[in-house]
Structures are given as C-alpha cells and as structure tokens.
Amino acid sequence: MTYLAKPKFHHPALPKNEHGFTHRDYEGSISTLCAGCGHDSISAAIIQACFELNIEPHRLAKLSGIGCSSKTPDYFLGQSHGFNSVHGRMPSVLTGANLANKQLIYLGVSGDGDSASIGLGQFMHCVRRSVNMLYVTENNGVYGLTKGQFSATADRGSTSKAGGTNNDSALDLVGLALQIGATFVARSFSGDKKQLVPLLMAGLSHPGPAFIDVVSPCVAFNNHAGSTKSFEFVRAHNEAVNRLDFMDAREPITVDYEPGTSTEVALHDGSKLRLAKLHGDYDPHNRIAAMNYLQSRAAAGELVTGLIYLDDNPRDMHSMLNTVDVPLNGLGEKELCPGSATLDKINASLR
Amino acid sequence: MPPTNIKDPNYFHKVVDCQWACPAHTPVPEYIRLIAAGRYSDAYMINWHSNVFPGVLGRTCDRPCEPACRRGRVEEGAKTAQPVAICRLKRVAADNKSDIRDRLPVAPAQKNGKRIALIGAGPASLTVARDLLPLGYTCVLYDQDPGAGGMMRTQIPKFRLPEAVLDEEVNYILGLQPELRLGQRVSSLKAIVDEGYDAIFVGCGAPRGRELEMPGRKEAAANIHIGIDWLASVSFGHTTKIGKRVIVLGGGNTAMDCCRTSRRLGGDEVKVVVRSGFEEMKASPWEKEDAMNEGIPILNFLVPKEFRHDNGTLTGVVFEKVKAEYDAKGRRSLVASGEPDVHIECDDVLVAVGQENAFPWIERDLGIEFDRWDMPKVSATTMQSTNPKIFFGGDAAFGPKNIIWAVAHGHEAAVSIDLHCSGNNVNVRPSPLTNLSSQKMGIHEWSYDNGISPDNRYKVPHAPPEVTLKDVRLEVELGFDVKQAFLEAERCLNCDVQTVFEGPKCIECDACVDICPMDCITFTPNGPERELRQQLTAPSTHPETQDLYLSEALKTGRVMVKDEDLCLHCGLCAERCPTGAWDMQKFLFNTAKAGCHV
Ligand SMILES: Cc1cc2nc3c(=O)[nH]c(=O)nc-3n(C[C@H](O)[C@H](O)[C@H](O)COP(=O)(O)OP(=O)(O)OC[C@H]3O[C@@H](n4cnc5c(N)ncnc54)[C@H](O)[C@@H]3O)c2cc1C
Ligand SMILES: Cc1ncc(C[n+]2csc(CCOP(=O)(O)OP(=O)(O)O)c2C)c(N)n1
Ligand code: SF4
Ligand code: SF4
Ligand code: SF4
Ligand SMILES: [Mg+2]
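Each value, and the rule that gives it
- Residues numbered from 1 in each chain as written.
- Chains lettered and ligands numbered in written order.
- Predicted model: local features only at pLDDT ≥ 70, side-chain atom pairs only at ≥ 80, totals over all residues.
- Heavy atoms only, no water.
- Helix = DSSP H or I, 4+ residues; strand = E, 2+ residues; numbered from the N terminus.
- Buried < 20%, exposed > 50% of the residue type's maximum accessible area, 1.4 Å probe, protein only.
- Contact = heavy atoms within 4.5 Å.
- Donors = N, O, S within 2.8 Å, 3.2 Å for Na, K, Ca; no water.
- Near = heavy atom within 4 Å.
- Nonpolar A, V, L, I, M, F, W, Y, C, P; charged D, E, K, R; others polar.
- Domains from an automatic or database assignment.
- Buried area = accessible area lost by both parts, 1.4 Å probe.
- Salt bridge = Lys/Arg side-chain N within 4 Å of Asp/Glu carboxyl O.
- Polar contact = N/O pair within 3.5 Å; in protein donor to acceptor, adjacent residues only side chain to side chain.
- Pairing = 2+ DSSP bridges.
- Axes fitted to C-alpha atoms, helices over the stretch in contact; angles between N-to-C directions.
- Phe/Tyr/Trp six-rings, centres within 6.5 Å; stacked < 30°, edge-to-face > 60°.
- Core = buried A, V, L, I, M, F, W, Y, C linked by side-chain atoms within 4.5 Å.
- Parallel < 35°, antiparallel > 145°, perpendicular 65-115°, else oblique.
- Left-handed = near helix turned anticlockwise from the far one by under 90°.

Our focus in this paragraph is the environment of S70(A). Residue and element names in this part refer to chain A. Among the structural elements, S70 can be located in helix α2 (residues 68–71). A relative accessible area of 1% means that S70 is categorised as buried. With 164 residues separating them in the primary sequence, S70 and V234 have C-alpha atoms 22 Å apart. The contact partners of S70, leaving out residues within four places of it in the chain, are S64, G65, N84, V109, S110, G111 and D114.

This is the structure we're talking about:
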C-alpha cells in the first residue's frame, strides 16, 4: 500500500470519453492492498473498461463481500453506488438490489474464498437465477486477507508459502458457472490487461448472468515456486483460446484479421465482439464442448483463458418474473396501492 | 531502441528540466528542498558555487529555468499552469541566510606563479576571478568604472537590485584579493598582451547602445538619450531628473528599465512605443507587467519616423501605423496600415532599440580572428579565441545576453585557463561531478517529501507604488516571506530524485503502470523509438523535451518504457513495486569547475 493519495494531476493529453471523463475519473480512493497485488491490476482494468464503455458512474452499482478482493470496489468507480456485504453474501444483496432496480449495471466483485468457500451456495443460486450482472472473482487461491490459508480453488498438490501442501481437490468456478447456466463465461489473468479489459467490457454489456474468473497472484502469500497462481506459473501455463476486441456500435472496425481466423459476435446493444481464434476450432457457442475442453486442458495442467462460453440469447431473471420496468423507488403511491377494487379483482382471480 | 545508458551523466541531468536549462546548471531542486527545510545558508552556498551571485540573480535573473520547469507542463489548465518560482526562491536563500563568510574559499598565500588579466569587471570576469583565485592564480582585474560589477552596477536599476546586495556578493570575490585596476580604461589589448600574462580574459560586455537615425535626431539631441548611457548616468547619480512626458522607444528589458526609471525621476506621462506587436516584444513578460502596473502604457505597431522639435527643443515623435502580415511560411512582416501617422508629444525620448558589441581597443593583428559581423571567433565550449592565450566570455563573446550566461561563460573560461596554464588540452573537458543515491528511508518513507502540492504559484509581494515611485533606489519587490517560500518550495516536484529501474527484479505485475498518476510507464515489445512513442499508455506530448527511459528485455521479452516528460517524481511507482525494481534515487550534478582535471 501507499500512504500518499494519488496526486490529482494527470497527463494533459489523456483521452476523454463521451461524458468528458478521463480514465482517472473512474478511480476510487488509494488502494491499501500489498504492493504488486494482482487485485490492483484488476481494479485498473475495470476502470479502463468502464471508461471505454462510456458508463456514467451513477448508472453502476458495485457490490462485494469480504476479502482483499472484496475491498477493491473502494479503489475504483468512486462515484458509483456500492455495497460491501458480509462474507459470502454479496450474491443475495446483488440479487435484491437488481430486483428493486433493473436499470442499473451490476458489478459483483468477489474472491475465491468469498465465492468458492463460504459463499459457494450464494454464488451458485445467483447464477442459476440468471441475475443480469457481471460477477468477477479475483482468484488468488488463498484467503489473502486472513494471511494466506489455502482456499477452495487452490490446486491439489500446490504448496503454501510456509511449505504446507494442499491435499483437497480444487473447485473450478468456471466449470460450475458453465454448469448452472451462466450465459457469458470467461477466464483471464490480472497480468494481461490486453485480454482482460475487452472481456470486462463484453461482460458488463452482456444482458444476463456473466462470470469472469480472473487469476490474480497474491504477492504476499501465493507468488512462490510451488504455487499455481503465481505470475510465473500462470504465464507459463496460460492457454488462451481466443483474443478478443470489443467494438462499440459506433466505432469503425479497425482490427484486421486474416479471413477465417476470426469470428464476429453481435451483441444486444449493437456493439460487437471480434474473436481472434487462437486455438484450432474452439467454438465459444458450444457449452458442452467448452466444458469438455476445459476439463481436458486442466488434466494436462493448463489454464484455459479467454472467452470460454457465450450464449447469444441470454435470459434474465426479470423477464421470467415479469417485473415492472420502473425501479421500485420510482413507483408512486397510486402504483403501489392500487385501491380496494384492484384487490378485489386479485382475490377473485384466486378463488 | 537500445536500452538507456543511465551511466551517461547527461541522461538524468536532462530529466531535471530546470537544471538542464540553467546555463550554469545550478542544482535547483536541491536548493529548493533546503529552503523548504529552512536551511537557507546551505541553499545559498549551493547557489553560490554554481551561479556566484545568488542574491543578485534571485532578483534579476532572466530565469531560463522557469519556462523549462516541469511544473508548468503538469498543472491542470494550460492557462493557469505556472512553473515553480525558482528565481524568487533563490532570493529567499540570500535574504534569510546567516553570515556565510567562513564558508567561502580563501586564496592561498602561496601563489602558483600564473598571472591572468581580466578586462572588464562584470559578472563574467568576476566569475573567472572567483574560480581561479582560490587555486593560487594572480588575477588582475581592469575596469574603466570605479566599481566592480559591470552592468549589474551601471545598468540594472537600484529599485530592482539594491546596491547593498550587489556589493555584498561582489565583495565576496574581491575578498579573494584580485589585483584591482579600477577606473582604468584599457585602450590597447596589445599593451596587455605585452605585459606577459599567462592568459587574458576579455569580459568587456556589449557596451554600445544602438542609435536611431531619423530626421530631427541631431537638432533635438539635447532631449534624446541613448537608453543604456542614460541608465548608467542615473546609476552614477549624474542624472536625477527627466521631463514630465517621456517616450521610450524599444521593447526589450532595457526599455522597461528606462520607462520605470523615468517614472521615478519626474516622468508623469511615460509611454513605451514599440514597432512590433505587444506579444512579440523582447522584454520578459514579468518586466512588462511591472511596467504596466506602474501606469506605463505600451503602444504597439508604431514605427518611429521623425523627431519633431521647435528650434532644437524636442516637442514630440511622429510614428507610422503598421500592421503585421504573415507570408505562407508564417514569417511576419510589418506593413503600412494606411492609417494616418500618429504624433505623440513629449519632453524627452529614451532610445532603447538594442545593444552592440564594440572592440575598438582590440588590435586586429593579435591572432584573434573576427567574423563578418566583427565579432571574435570564440569556441562555445572552451571560450577560447583563435589566440590560444586569449579567452572571451559574457556579452563580449556572442553578443548581449544576461548575467547567468556571463557566469556560465566565466566558469568554462576558468576551466580552460586552468587547463591551458597547466599544459593541458583545453578541448578535453573534465567530466561533471555526479552522484546517484537511494532516498529510501523505510517501506514507504523517502528522504524527500514526495507528496504533490496542488497549489498555484505564489505571487511575490510588492511595496506599494505610491512609495516606490518616489525613490529610484527603493526596491519594489519585497521577496517571499518564510511561510510563502515554504509553500512555493513545496510546489517543486523534485525532478532530481530519479526513478531508477532494475529490470532483473521486475516481475511485470503492472502495479507501477496502474498507480502512476501521469501514465508514464508502459510494458511493450521493443521497437524503434518512433513506434514506441505510439504505443505509450498516454500520448507522448513533448518528444523533443524529454527522452524515453528503456530497460533491457524483461522475462516476457517485453521492455519497460518510461516517458520522462511528465513524471511527478512522486515515487508511487517505487512504493507500489513489490520487488524494489523501481527506486527513487537522488541525482546530484555539478559542472566541473577550474581545478578539476581529467
Ligand atoms: C538596462 C539593462 C538591464 C539589464 N537587466 C538585466 C537583468 O535584469 N538580468 C540579467 O540577467 N541581465 C540583465 N542585463 C544584461 C546584463 O547586465 C549583462 O548581460 C551582463 O552584465 C554581462 O556581463 P559581462 O560580464 O559580459 O559584461 P558587463 O556586465 O557588461 O561588464 C563589462 C565591464 O567591462 C567594462 N569595460 C568595457 N570595455 C572596457 C575597456 N576597454 N577597459 C576597461 N573596462 C572596460 C565595462 O565598463 C563594464 O564594467 C541588463 C542589461 C541592461 C543594459
Ligand atoms: C463470516 C466470516 N467468516 C470468516 C471471516 C474471515 N475472513 C475474512 S476474509 C476471508 C477470506 C477471503 O478470501 P478471498 O475471498 O479469497 O479474498 P482474498 O483476500 O484472497 O482476496 C475470511 C475467511 C469473515 N470475515 N467472516
Ligand atoms: S518542478 Fe522543481 S525540479 Fe522540476 S523543473 Fe521545476 S523547479 Fe526544477
Ligand atoms: S514517480 Fe513513478 S509513479 Fe510518480 S509520476 Fe513518476 S513514474 Fe509515475
Ligand atoms: S511494480 Fe515493480 S515488479 Fe511490478 S511491473 Fe512495475 S517494476 Fe515490475
Ligand atoms: Mg483469495
């Protein structure tokens, strides 16, 4: 961490987005995490993604649980809504907030402990209910905040900094998300912003349950030889299936790929995803194949990153529940108390 | 692009914008930190070693450092962005120091037997004397004026530079006991050469004010004065008044001193009239501002045509109105506007349209070659003329400049004279003295204040014009008080505390990239500089001002590129780096002075 607040001075020629903001306007307070923490890089990537997506800060709500990772929403989007819940309970709070106001963009930020240990049930139910959100886990394989105990995502056989070996099986959040109905599933690495930023942009734009697992080395407790979440290990075993470019609906297409090496995916808001194929005929639209591929690469000791699965026709909890479009706080007395005649009608329909 | 060689003393020196721009390469941030710490005497001595006249320069310097100062590039809002008040902080050191005489060098009793003649006792010669006397040289100082100081004494008005300040700093040098030949005009350089000196330094300045020949000049001569002659006469106390209505012709700093002096000697209606536009005037912006604050209008685009007189008594000046026109290449020319001529009435005119060199006393058969402008051929690095024993410096070398350039020339000439007299090649220059040391005191503790003050530049308080306009010797600027000085000093970014990168330690975690408030740092595949500049995290805005700092290839094969241009030296990169690959290290740079040999 640093004790100094980041100076307000910024580069005079920083690009500005549609709202006249520079990326600096999407920052939060100064991070208190350890110097070099992968989580800080993810914060920087979120800042960049929101800046590039022209998100008005007050249109976004960031929610988190407990952990170093869950502290990070304090370090970005200082002008957005936020809620820091108890350990592992962010998914319920996010679901509730989303029910009350479907017009905001929901960003859930969590850790591997927060989501794969204490909050595993919450995570699964939130995804299977198809809450429209981007759920990000900052996955370092340890409980960073409580000084580096193995978490449920630590690989069997990996060692702790103190020398202990993890004998339990690892839980793969990406595999779970695929199984229970996430319609956008990706994995990335905090040390690769070129990959992470477009994934975050696509995930934030996805109108359904989007999940990104970001491997994020913990420099204090999990960046040693024997760790499978260290900078060196991830760089050596990273198996990117595609490289993607996020293209705003209005932007002219500037990236050129050789024919046959890329696919284009139209998103619901008119923007596009361009996927450069890096791996044979990997098809991110085939869920079963994605699950198989993931398992086979994992067995070979490799970590699949990139856009793993995308459902072009996502569902959203609201469409199934047939809720009102107006946020609840925008409903007046007349809508909320429609009078005894309406009540009689409802009662009659139930007889 | 090849990796940066940070061992080259010029690499980090250039990062310190102010010091790089200062002709004498004064270690500016070092003295500013000492001022903030209240160590005024120490701050003064750093200046004294580099620029010899801190009290004088802290009031009068042309301050080339300030337009170069990084602060002016990083503050928000191009219009309000202002450099650190480097010059006026120097004055704070001079004003608040204690008695520093016991820190000054002394001339050894045992001389080295070499005799050097110094012609002219302006800042250039005085600097040579200061550098050589402590080494045992005998220096013989000639000046036609009765006191030493050159134009600092004869030209710069006392309301900008009090006599006591000048005397103090000139006396520090006279205390080293040069042989004084004051009040003695040198009318033949040959005669000096014949006295058998081991080396001669010509520091006679550019003493001639340019004439303005036009109708009426001769007839009305009694009320038309050449600016620098008139200022000298005021300085010596020979001239004590001027007419009520005064026109000053010219737009340089001399014109500004002429008009402000006139206001103090009875000129109620003083006008400055310039040929060019207001913006193109040569005078420094602050000089113009000070003049206008004293109720002196500056009229522009008026070309003088004629002095009007009534039987030899000046009555006014006629001007042609012009306008600026630009050709396809953007070059400006002044063309008649077609409007009727303007007649401005006046009682006196001061002509301040330029200054020239004149060497009537230098014989042309001494082996000193002159060019087609009748200027001596002088090496800009060694200050040596084509006669290896004869050196030039200050305004005499390359035409009128300013005090700090005269000092810088003096230092280099002293180095050359010392090399020459000890049988060394003057072209092989001794290297500067540098030092690079970590400022780390604890995990996030540095020996300098790395917080960035958001304050705008502080204004130096002035004495009220009702008071200062009554006395030509009363200083206008009051100087910063200690509290203002501290706040102003805090604006300095400590550009000498360098970001030093150690590639092998870097794990490429991006923490430094993410934290850097100015987006200085990029990790990218290597390429030619032009391409690298395209790939930076933030646009490269001043490629000509600062370099890119490039590492060797890192573990992933990429390189670290840092654009030095807008770095705040806040140390956040080093605070965020988990491996200590970044460190903040103070770079001290002092030019080699006489006595340093290769
Ligand atoms: C009106 C005015 C205001 C200025 N204000 C500033 C300012 O605010 N800041 C600034 O930095 N600069 C200022 N300058 C410029 C500055 O004064 C000069 O650049 C500087 O003094 C040059 O120093 P020097 O050592 O080369 O020569 P000078 O200071 O010119 O000294 C030369 C000396 O040599 C003597 N001399 C010349 N010929 C002979 C001879 N044959 N025999 C004996 N002695 C001789 C002269 O009398 C003089 O004393 C100003 C100049 C003028 C005219
Ligand atoms: C109910 C509850 N149980 C346990 C804790 C202790 N605790 C705090 S953070 C944490 C683990 C956080 O791990 P993770 O989500 O991976 O975050 P990281 O710090 O690694 O980013 C635990 C167990 C708690 N705060 N609350
Ligand atoms: S900020 Fe300070 S060190 Fe940097 S250029 Fe300005 S005065 Fe010099
Ligand atoms: S010192 Fe480091 S963090 Fe601060 S501006 Fe310079 S490069 Fe950026
Ligand atoms: S913070 Fe340090 S280790 Fe991380 S990328 Fe920067 S220099 Fe390298
Ligand atoms: Mg964790």
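Moving on, we get to the coordination of the magnesium ion (ligand 6). Residues and elements named next belong to chain A. Bound to the magnesium ion (ligand 6) on the protein side are D112 (OD), N140 (OD1) and V142 (O), at distances that span 2.1 to 2.2 Å. All donor residues of the magnesium ion (ligand 6) come from one chain, and their arrangement in sequence is D-x27-N-x1-V. By relative accessible area, N140 is classed as buried at 4%.

So, about the site of ligand 3. Residue and element names in this part refer to chain B. Around ligand 3, the surrounding shell consists of D17, C18, V28, P29, C69, R70, V84, I86, C492, L493 and C495. When contributions to the shell around ligand 3 are tallied by element, the ones reaching two or more residues are α2 (17–21) and α3 (28–36). Tallied by class, residues from the shell around ligand 3 come to nine nonpolar, no polar and two charged.

So, about the domain arrangement of chain B. Residues and elements named next belong to chain B. With domains assigned, chain B is organised as domain 1 (9–103 + 446–489), domain 2 (115–207 + 357–421), domain 3 (210–353) and domain 4 (497–590). The distance between the C-alpha centroids of domain 1 and domain 2 comes to 27 Å. On the domain 2 side, the residues contacting the 27 residues of domain 1 number 25 residues. Here domain 1 meets domain 2 over a buried area of about 2200 Å², counting both sides, of which 68% is carbon and sulfur. The largest share of the area that domain 1 buries against domain 2 comes from P23, F53 and V56, three residues that together contribute 27% of it. Linking domain 1 with domain 2 are two salt bridges, by the criterion used here. Here domain 1 is connected to domain 2 by eleven residue pairs in polar contact (both at pLDDT 80 or more). Looking at the side of domain 1 that touches domain 2, the elements with two or more residues in it are α4 (40–51) and α5 (54–60). Considering each element in turn, the side of domain 1 that touches domain 2 owes the most residues, six residues, to α5. Of the residues belonging to the side of domain 1 that touches domain 2, the class tally is 16 nonpolar, five polar and six charged.

A few words now on the sheet that holds strand β12 (residues 272–277) of chain A. Residues and elements named next belong to chain A. The sheet built from three strands is open, its strands ordered β10-β12-β11 with antiparallel pairing. Of all the strands in the sheet, the pair left with one neighbour each is β10 (242–247) and β11 (262–266). Averaged over all pairs of adjacent strands, the angle between strand axes in this sheet comes to 20 degrees, irrespective of strand direction. Relative to β12, β11 is paired through five bridges, and the arrangement is antiparallel. Paired with T263 across the bridge in β12 is L275. Each of β10 and β12 touches helix α7 (residues 193–205); the most contacted strand, β10, lies at about 55 degrees to it.

So, about unusual backbone geometry. In terms of backbone geometry, most residues other than glycine have negative phi values and most peptide bonds are trans. Residue and element names in this part refer to chain B. The phi angle at H25 is positive, at roughly 55 degrees, despite the residue not being glycine. Assignment of secondary structure puts H25 in the loop between α2 and α3. Of note in this structure, Q177 is not a glycine but carries a positive phi near 60 degrees. Here Q177 shows up in the loop between α11 (163–174) and β3 (179–182).

Turning our attention to the pattern of salt bridges. Applying the stated rule across the entire model yields 61 salt bridges over all chains. Linked by salt bridges that have partners in common, D17(B), R70(B), R73(B) and D565(B) make up one network.

All right, on to the packing of aromatic side chains then. All names here are of chain A. Under the counting rule described, the total for this entry stands at 16 aromatic pairs over all chains. Arranged with centres 6.3 Å apart and planes meeting at 75 degrees, the rings of Y26 and F51 form a pair that is edge-to-face. Taken together, the residues span a long stretch of sequence, with Y26 in the segment before α1 (38–52) and F51 in helix α1 at a distance of 25 residues. For the pair Y26 and F51, one class covers both residues: buried. Consider the rings of Y282 and Y293, whose centres lie 5.1 Å apart with planes at 55 degrees: the pair is tilted. Of this pair, Y282 sits in the loop between β12 and α9 (287–299) while Y293 sits in helix α9, placing them eleven residues apart in sequence.

In the vicinity of ligand 5 lie 14 residues, with C506(B), C509(B), D510(B), C512(B) and C577(B) positioned nearest. For the shell around ligand 5, the per-class residue count stands at eleven nonpolar, one polar and two charged.

Moving on, we come to the interface of chain B and chain A. The partner chain A presents 28 residues to the 36 residues of chain B that form the contact. In total, about 2600 Å² of surface goes out of reach between chain B and chain A, with carbon and sulfur atoms giving 61% of it. Taken together, the links from chain B to chain A amount to three salt bridges. A salt bridge links K193(A) to D514(B); the nearest nitrogen and oxygen atoms lie 2.7 Å apart. Where chain B meets chain A, there are 13 residue pairs in polar contact (both at pLDDT 80 or more).

All names here are of chain B. Taken together, the five strands give an open sheet; going across it, the order is β3-β2-β1-β4-β16, and neighbouring strands pair in parallel fashion. Taken across any chain shown, the strands that pair with only one partner, and hence form the sheet edges, are β3 and β16 (390–392). In this sheet, neighbouring strand axes are inclined to one another by 15 degrees on average, regardless of whether the strands run parallel or antiparallel. Judged from the three bridges that link them, strand β4 (residues 199–202) and β16 form a sheet pairing that is parallel. Looking across to β16, one finds that I200 is bridged to I390. The strands that helix α9 (residues 123–132) touches are β1 (115–119), β2 (138–143) and β4; relative to β1, the one it contacts most, it runs at about 160 degrees.

All names here are of chain B. The residue D563 is located in strand β23 (residues 559–563) in this model. Between the C-alpha atoms of D563 and C61, which are 502 residues apart in sequence, the distance is 30 Å. Setting aside anything within four residues of it in sequence, one finds D563 in contact with C520, R533, L536, S540, D547 and L548. A distance of 3.1 Å separates a polar side-chain atom of D563 from the backbone nitrogen of D565.

Before going further, it helps to spend a moment on the nonpolar core. All names here are of chain B. Formed by 68 residues in total, the largest nonpolar core has its most connected members in I35, L89, F501, I521, F523 and W582. It is α4 that provides the largest number of residues to this core, a total of six residues. A domain-level breakdown of this core finds at least three residues from each of domain 1 (9–103 + 446–489) and domain 4 (497–590). Not counting chain neighbours up to four residues away, the residues in contact with I35 comprise Y40, A43, L89, V92, A93 and A485. L57, A117, F359 and I362 belong to the second largest nonpolar core, which has 65 residues in total.

Turning next to the packing of helix α8 (residues 86–96) of chain B against helix α19 (residues 482–490) of chain B. Residue and element names in this part refer to chain B. Contact pair α8 / α19: the axes reach a minimum separation of 10 Å and the direction vectors enclose 140 degrees. The orientation of α8 with respect to α19, classified from their angle, is oblique. Here α8 and α19 pass one another in a crossing that is left-handed. Every residue of α19 that contacts α8 at L89, V92 and N96 is listed here: V482, A485, E488 and A489. Taken together, the residues of the contact of α8 with α19 break down into five nonpolar, one polar and one charged.

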